[in-house]
Amino acid sequence: MPILSQTDAQALLKQVLGYSTADECEASLNGRTTGNIRYARNSVSTAGAQDTISLAVEARFGKRSGTATCNEFDEATLKRCVQRAEEIARLAPESPEYVPLLGPQTYLKPPSAAPTVLSPTARAQAAADSINLCAAKSLTAAGFLDGGTSFVAKRNNKGLDAYQQSTNTDFSVTVRTADGRGSGYAIADVTDAAKLNAKALTQRAADKAAGSLNAKAIEPGKYTVILEPAALMAGDDLSLLGGLFYGLDARSADEGRSFLAKKGGGNRKGEKLFDEKVTIYSDPMNAEVPGNAFDGDGLPTQRMSWVEKGVVKNMLYSRYWAQKNNVPATPFPSGFVMSGGTQSTAELIKGTAKGILITRLWYIREVDPQTLLYTGLTRDGTFYIENGAIKFPIKNMRFNESPIIMLNNLEAIGRPQRLAGCLVPPLKIRDFTFTSLSDAV
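Scope of this entry: the structure provided in the associated data block. (Residues numbered from 1 in each chain as written. Predicted model: local features only at pLDDT ≥ 70, side-chain atom pairs only at ≥ 80, totals over all residues. Heavy atoms only, no water.)

Take the overall build of the chain next. The secondary structure content of the chain amounts to 10 helices and 19 strands. A globule of 441 residues ought to have a C-alpha radius of gyration of about 22 Å, and the chain, at 24 Å, matches this closely. Its C-alpha atoms put the chain at 70 × 60 × 35 Å along the principal axes. Within the chain, the proportion of its 441 residues that are buried is 51%. Considering only intrachain contacts with a sequence separation of at least 6, the fraction spanning at least 24 residues in the chain is 72%. When the 50 basic and 45 acidic side-chain charges of the chain are each reduced to a single mean position, those positions are 4 Å apart. (Helix = DSSP H or I, 4+ residues; strand = E, 2+ residues; numbered from the N terminus. Rg over C-alpha atoms; globule rule 2.2 N^0.38 Å. Buried < 20%, exposed > 50% of the residue type's maximum accessible area, 1.4 Å probe, protein only. Contact = heavy atoms within 4.5 Å. Lys, Arg positive; Asp, Glu negative; His and termini not counted. Charge placed at Lys NZ, Arg CZ, Asp CG, Glu CD.)

Below is the structure:
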């Protein structure tokens, strides 16, 4: 099925709700039409497209609830999906964290859908540009390009009616030297595919790959570092700032399970935990990183300040935890913005007497959730800085560091860049802790 319009999606959801006999019933549609291309060793390995829509129905009888899903939309299947949700609800135990479904809501209209979506030909051309650039330099490229259009629609028997369509394109590329001893990396995501320049990103990765040959070992210890945005937000499972952004949860803090837990109980909302240069907010209307108009419960999103000049201003409250604490619920944002300055990464390097430039971190693991201590490794281009210039590549190292400490050792903030649906600036941090060397590139 193609991406459904608001009219068609709500008509289908209205039909589904008409089959329900439950006290409360909510139906949600999620759909995607996307395409991708993957290449490795300078050759395309796979290319494909996905066109899918799924329906989820939640039925409630009192405090008992059940959910069923389907991806076919004939009348018999729709009726059976609703029936199955109701059967499960009748068998389920009562939820101790029950909150009623939302009624009618008013939503913002973020600029989240763009007219340009890459065609198969355009995706193939982007891969060809990347591969040809590397082949001409005797380098090897491996990349992945994926993008398209998606929508979400919700409706319930309490009057809630929500719909949003969005577009997104993601690209990442790793470039290696022919002998495998040098490696570089670049990554980007955009709402409007017309703004994606795969060739320029590949050039950045290629320059790092060529420049990282003959890396020297330096002693582990505490160093001033410049962390590029990819080192802050791009990770295999975790990322340094992602763990902080999405760790602003009130319940885990109140229950003593997070870095925002207060000794003796409660949370640290209102306390200054970071350098005063740190300001973090979310805004679904931001033109560079437009967000979701509503969260998974259907709560309307709005601009929200989370950290202001180092002070924790707000925390994430689920509807249940908000009800329990008699405070307003805070909808979960789809992305965050960390305010920054005007300097580029190159300008941050020029202002550094001695330090290390980090392209990317990976294999990040949580050591202590209550201090947000992480460990992981640098990769794909790590360089020693001296007198405002890159002097030589260095071997990768393992780090042990917490973003809480990092954001208190903040020397400079660069110009924010979009990554992982967020706006993140490069950061210059003093006393970043490295504990051992790694031979990996």
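Following the structure, the description resumes.
Here we take up empty space enclosed by the protein. A complete count under the given rule lists one cavity of 30 Å³ or more for this structure. Put simply, the largest cavity is a space of about 30 Å³. Around the largest cavity sit G35, L118, R123, L145, D146, G147, G148 and T169, which together line it. A class-by-class count of the residues in the lining of the largest cavity yields two nonpolar, four polar and two charged. (1 Å grid on protein atoms, 1.4 Å probe; cavity = no way out; pocket = protein on both sides within 12 Å on 5 of 7 lines; lining within 4 Å. Points joined across faces, edges and corners; volume = space filled by probe spheres on them. Nonpolar A, V, L, I, M, F, W, Y, C, P; charged D, E, K, R; others polar.)

Before going further, it helps to spend a moment on the nonpolar core. Note that soluble globular proteins tend to have their nonpolar side chains buried in a common cluster. L227 and I356 are the most contacted members of the largest nonpolar core, which totals 58 residues. Those residues in contact with I356 that lie beyond four places of it in its chain are I218, Y223, T224, V225, I226, T382, F383, Y384, I385, I394, M397 and F434. If you look at the next biggest cluster of nonpolar residues, it comprises 26 residues, including L4, L13, F73 and A85. (Core = buried A, V, L, I, M, F, W, Y, C linked by side-chain atoms within 4.5 Å.)

Looking at the secondary structure, you find T167 in strand 5 (residues 161–177). Judged by relative accessible area, which is 6%, T167 ranks as buried. Of note is the side chain of T167, whose polar atom sits 2.8 Å from the backbone oxygen of T191. Other than its neighbours up to four places away in sequence, T167 contacts S112, A113, A114, V117, G148, T149, V190 and T191. (Polar contact = N/O pair within 3.5 Å; in protein donor to acceptor, adjacent residues only side chain to side chain.)

Another aspect to go through is the pairing of strand 4 (residues 139–156). Of all 18 residues in strand 4, 13 are buried; the element is thus mostly enclosed. Pairing of strand 1 (residues 24–40) with strand 4, which is carried by 14 bridges, proceeds in the antiparallel orientation. Paired with G35 across the strands is G147, a residue of strand 4. Pairing geometry for strand 4 and strand 5, over 17 bridges, is antiparallel. Opposite F144, over in strand 5, you have S172 as the bridge partner. (Pairing = 2+ DSSP bridges.)

Working definition of a disulfide: a covalent bond connecting the sulfur atoms of two cysteines. Following the criterion strictly, the structure yields zero disulfides and no others. Its sulfur unpaired, C70 is 3.8 Å from the next cysteine sulfur, which belongs to C81. With relative accessibility at 12%, the residue C70 sits in the buried group. (Disulfide = S-S within 2.5 Å.)

Attention now goes to the packing of aromatic side chains. Inspection of the entire model under this criterion finds 12 aromatic pairs. Stacked on the ring of F144, the Lys or Arg R38 has its end atom at 4.2 Å from the ring centre. The side chain of R360 reaches across the aromatic face of Y185, ending 3.9 Å from its centre. (Phe/Tyr/Trp six-rings, centres within 6.5 Å; stacked < 30°, edge-to-face > 60°. Lys NZ or Arg CZ within 6 Å of the ring centre and 35° of its normal.)

This brings us to the side chain of N286. Topologically, N286 is positioned in the loop between strand 8 (280–282) and strand 9 (304–308). Given a relative accessible area of 13%, N286 falls into the buried group. There is a polar contact of 3.2 Å between the side chain of N286 and the backbone nitrogen of V289. Not counting residues within four places of it along the chain, the set of residues in contact with N286 comprises P111, Y281, V337 and L423.

Another point: the sheet that holds strand 4. Strands sit in the order 3-2-1-4-5-6 across an open sheet of six strands; the sheet is antiparallel. Lying at the two open borders of the sheet, with one neighbouring strand each, are strand 3 (64–70) and strand 6 (183–190). The sheet shows a mean angle of 15° between the axes of neighbouring strands, direction not considered. One ladder, built from 17 bridges, connects strand 1 with strand 2 (residues 43–61); its direction is antiparallel. Across the sheet, G35 pairs through a bridge with A49, a residue of strand 2. (Axes fitted to C-alpha atoms, helices over the stretch in contact; angles between N-to-C directions.)

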